[in-house]
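Here is how the chains run, residue by residue.
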Amino acid sequence: MLSAQQLQIDGRRDDLLPPTSLEARRGELLLVSGDGQDQRTALALALSGRMKPSKGLLSWDNSTKTKKVRAASALIDAPGVNEPEQHLSVRDLVTEDLSLIPRRYRGALLSKPWLKVNRFEDIAGLWIEQLPADRRLELLTALALADPALDLLVLDSPDRHSANPADWLPRLEQLAYDAGRPLAVVAVVSALPDNWHGPAAVIGNSVTHTAPAEPAQPGVSLDNAQEDPEEVPETLQRTAK
């Protein structure tokens, strides 16, 4: 299980990530909503062990070691971090990503047979920018899962490629609830789909707010007011009654 307790990342002026708490279990899809792209990316980086939080606690299977979180997770499609370059072809992206798989799994992972086995031959010659949102997500998640050691997927703003949840939500549900390989899947999105009733969290849900002190009432203190009620402000007259 992934657990984040009051996770916070300091920024130059304001918090890059305000205090946020959440939990995600294997066999579960958690959607986390947040307004700003910087905050969404910061959370995705922290949850996948790619950025050390300034405060708070992050753990995976009760281990707080960042190395273990990172080894068990994949960060998918974070803008400005690891999103695929638009000028790459699908074939080149597959070759590049498979080369990053740990050496003990790499022997049989050649791009051409991989594309065929995973049913991406039809898009092999396309540029990344030509892919529809749903096929892009299918490709990137399949590449991540070529590493059998992964149990946690963290997706950064999959909804930025399509405002229609049908282009990304079914794929994430399929991955999370796959009985053969149940994964903990966390998607950080700009807003929850209208029909979403599953696990959800909000960036900044652990921010504590201090109640402001009530301003002093203008007027004359009752202790010093004259006996004539006409000399006492109306508000204080009602209070005195």
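Just so it is clear, the structure is predicted and the values come from calculations on it, not from any experiment. (Residues numbered from 1 in each chain as written. Predicted model: local features only at pLDDT ≥ 70, side-chain atom pairs only at ≥ 80, totals over all residues. Heavy atoms only, no water.)

S.K.: Can you break down the pattern of salt bridges residue by residue, with the values?
M.R.: Scanning all chains against the criterion turns up nine salt bridges. We note a salt bridge from Arg136 to Asp77, for which the minimum N-O separation is 2.8 Å. Linking Arg136 in helix 6 (residues 133–144) with Asp77 in the loop between strand 5 (73–76) and helix 3 (90–98), this pair joins segments that are 59 residues apart in sequence. The closest approach of N and O atoms between Glu83 and Arg160, which form a salt bridge, is 3.1 Å. You can see Glu83 sitting in the loop between strand 5 and helix 3 and its partner Arg160 sitting in the loop between strand 6 (152–156) and helix 7 (169–176), a full 77 residues away along the chain. Judged by relative accessible area, Arg160 falls into the partly exposed class, the value being 29%. Taken together, the salt bridges that share partners define one network made up of Asp77, Glu83, Arg136 and Arg160. (Salt bridge = Lys/Arg side-chain N within 4 Å of Asp/Glu carboxyl O. Helix = DSSP H or I, 4+ residues; strand = E, 2+ residues; numbered from the N terminus. Buried < 20%, exposed > 50% of the residue type's maximum accessible area, 1.4 Å probe, protein only.)

S.K.: Can you lay out the packing of helix 6 against helix 7 for me, pointing to particular residues and giving the numbers?
M.R.: Contact geometry for helix 6 and helix 7: axes closest at 10 Å, N-to-C directions at 25 degrees. Compared by their axis directions, helix 6 and helix 7 come out roughly parallel. As for how helix 6 packs across helix 7, the hand of that crossing is right-handed. On helix 7, the residues that touch Leu137, Glu138, Thr141 and Ala142 of helix 6 are Arg171, Leu172 and Leu175. The class makeup of the residues in the contact of helix 6 with helix 7 is four nonpolar, one polar and two charged. (Axes fitted to C-alpha atoms, helices over the stretch in contact; angles between N-to-C directions. Parallel < 35°, antiparallel > 145°, perpendicular 65-115°, else oblique. Left-handed = near helix turned anticlockwise from the far one by under 90°. Contact = heavy atoms within 4.5 Å. Nonpolar A, V, L, I, M, F, W, Y, C, P; charged D, E, K, R; others polar.)

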